[in-house]
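Residue-level structural notes
Below are the chains, spelled out letter by letter.
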Amino acid sequence: MTSRIAQIQSQLAALAPRQTTSTTGTQFADQLSQVTDGTTTATGSSQGEAVVNAARKYIGVPYVWGGTDPNTGLDCSGLVQRVYKDLGYELPRVSYQQAEAGRPVEGGLANAQPGDILAFGSPVHHVGIYIGGNQMIEAPRPGQDVKVSSVYETPTAIRRILPDPSAAVSPLTAPSGRVAAGTPYAALFEQASQRYGVSSKLLAAVASQESGFNPQATSPAGAQGLMQLMPATAQGLGVTNPYDPAQAVDGAARLLSGLLDRFGSTELALAAYNAGPGAVLRYDGIPPYTETTNYVRSIMSKLEAA
């Protein structure tokens, strides 16, 4: 009976509005510790522990059918979606859709890693987050709270959302050398390049694309300054005044350095700068957003002409 109730709940939840796939400034800021801290992005296990730690924050939240707000309650897929959203990853709303997100893990629990999504039932009616040691964090059913449970039955699917750090990536394509004579704020780009290992030409091309080298620019979406940082992103980077060119370039260089390390490709780093890392991971490449594809193409053209 419980299984049938959960199945009906999942079917009803499918009628709810879908979440958008773009990453908001707040979500992007939540991820900055991941893209700028080498200890977090170095291995799959450390990323998985970040997921587990994010999930542990919700232990004790009551189960509420259809719940997506931890202040009032979460259901199983609401918990999974919320945890990954806290880390900047956009997942579908309902359990059977989450059982198709990311990429499959073959070989059962023996090959599962902390942070993987465990799906149960056919059709899928329940999901949890694996934490290792044959345990998971789940929102079990009405009358219970989010808790750590044993993996009580064989999952019908195990899905890995996190990127594979051992996967081969294309080499970085950012050019070396100094920016062209007469480039606005050239000294700031060169200083940041030396400090963070990001090409000064890449920084200049981003500034040109983002603001036309206007340090007072503000976009309709609220992005600010020379490097067009969203307020939440700037805050996460420690930039107190994004309209200050020195702070803006320093913050953008640190952000791009982390994105380049994470994705191993200039094109993907630029896509993540524009649309957010979660969107790049969701589409396993440059997201199919017109703005983002044009953005990447334009900056890469600037680099080729530099």
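Residues numbered from 1 in each chain as written. Predicted model: local features only at pLDDT ≥ 70, side-chain atom pairs only at ≥ 80, totals over all residues. Heavy atoms only, no water.

Let us now look at helix α11 (residues 266-275). For α11, the tally of buried residues reaches 7 of 10 residues, placing the bulk of the element in the interior. If you check which residues of α11 are buried, you get Thr266, Ala269, Leu270, Ala271, Ala272, Tyr273 and Ala275. (Buried < 20%, exposed > 50% of the residue type's maximum accessible area, 1.4 Å probe, protein only. Helix = DSSP H or I, 4+ residues; strand = E, 2+ residues; numbered from the N terminus.)

Opposite charge on two side chains permits them to pair, given that their charged atoms come into close proximity. A complete count under the given rule lists 6 salt bridges for this structure. In this structure, Arg195 and Asp250 form a salt bridge, with 3.0 Å as the shortest nitrogen-oxygen distance. With Arg195 in helix α7 (residues 186-196) and Asp250 in helix α10 (residues 245-263), the pair connects residues that are 55 residues apart, well separated along the chain. For Arg195, a relative accessible area of 48% corresponds to the partly exposed category. With a closest N to O distance of 3.2 Å, Asp250 and Arg254 form a salt bridge. A residue pair is termed a helical-turn pair when its members lie 3 or 4 positions apart in one helix, as Asp250 and Arg254 do in helix α10 at 4 residues. Shared partners join several salt bridges into a network, and the residues in it are Lys57, Arg82 and Asp86. (Salt bridge = Lys/Arg side-chain N within 4 Å of Asp/Glu carboxyl O.)

Looking now at the sheet that holds strand β8 (residues 157-160). With antiparallel pairing, 6 strands are arranged side by side in an open sheet as β3-β8-β4-β5-β6-β7. Looking along the sheet, the strands with just one partner apiece sit at the ends: β3 (103-104) and β7 (147-150). Of the strands in this sheet, β4 (117-120), β5 (126-132) and β6 (135-138) touch helix α5 (residues 76-86), which is tilted by about 50 degrees from β5. (Pairing = 2+ DSSP bridges. Contact = heavy atoms within 4.5 Å. Axes fitted to C-alpha atoms, helices over the stretch in contact; angles between N-to-C directions.)

Here the focus is the packing of helix α8 (residues 200-211) against helix α13 (residues 290-305). Remark: α8 packs on α13, axes separated minimally by 9 Å, with the N-to-C direction vectors making an angle of 130 degrees. Put simply, α8 runs oblique to α13. Our pair here, α8 against α13, has a crossing hand that is right-handed. Residues Lys201, Leu202, Ala205, Val206, Ser208, Gln209 and Glu210 of α8 form the contact with α13, whose participating residues are Tyr295, Ser298, Ile299, Lys302 and Leu303. (Parallel < 35°, antiparallel > 145°, perpendicular 65-115°, else oblique. Left-handed = near helix turned anticlockwise from the far one by under 90°.)

As a further point, take the pairing of β5. On any regular strand, side chains alternate: one points to one face of the sheet, the next to the other face. Burial within β5 is extensive, with 7 of its 7 residues counted as buried. Of the pairings in the sheet, the one linking β4 to β5 comprises 4 bridges and is antiparallel in character. For Phe120, the partnering residue across the bridge sits in β5 and is His126. Hairpin geometry of β4 and β5 is characterised by an intervening segment of 5 residues between the two adjacent antiparallel strands and by a positive phi of about 95 degrees at Gly121. In terms of strand pairing, β5 meets β6 through 3 bridges, oriented antiparallel.

This part takes up the environment of Ile299. On the secondary structure map, Ile299 appears in helix α13. On the accessibility criterion, Ile299 (0% relative accessible area) is buried. Measuring from C-alpha to C-alpha, the distance between Ile299 and Ala207 comes to 9.7 Å, with 92 residues separating the pair along the chain. Aside from chain neighbours lying at most four places away, what touches Ile299 is Leu202, Ala205, Val206, Gln209 and Leu270.

Time to look at unusual backbone geometry. Of the consecutive residues Ser122 and Pro123, the connecting peptide bond is found in the cis state with omega at 5 degrees. Mapped onto the secondary structure, Pro123 falls in the loop between β4 and β5. The backbone of Tyr185 sits at a positive phi, close to 60 degrees, despite the residue not being glycine. Inspection of the secondary structure puts Tyr185 in the loop between β8 and α7. Its relative accessible area of 29% is what places Tyr185 among the partly exposed residues. The phi dihedral of Phe213 falls on the positive side, at around 65 degrees, and the residue is not glycine. Examined against the element boundaries, Phe213 turns out to sit in the loop between α8 and α9 (231-237).

Counting residues in hydrophobic clusters, the biggest one holds 69 residues, and the most contacted among them are Tyr84, Phe189, Val206, Met227 and Tyr273. No other element matches α10, which puts 9 residues into this core. Excluding its chain neighbours within four sequence positions, the residues that come into contact with Val206 are Met227, Leu256, Leu270, Tyr273, Tyr295 and Ile299. (Core = buried A, V, L, I, M, F, W, Y, C linked by side-chain atoms within 4.5 Å.)

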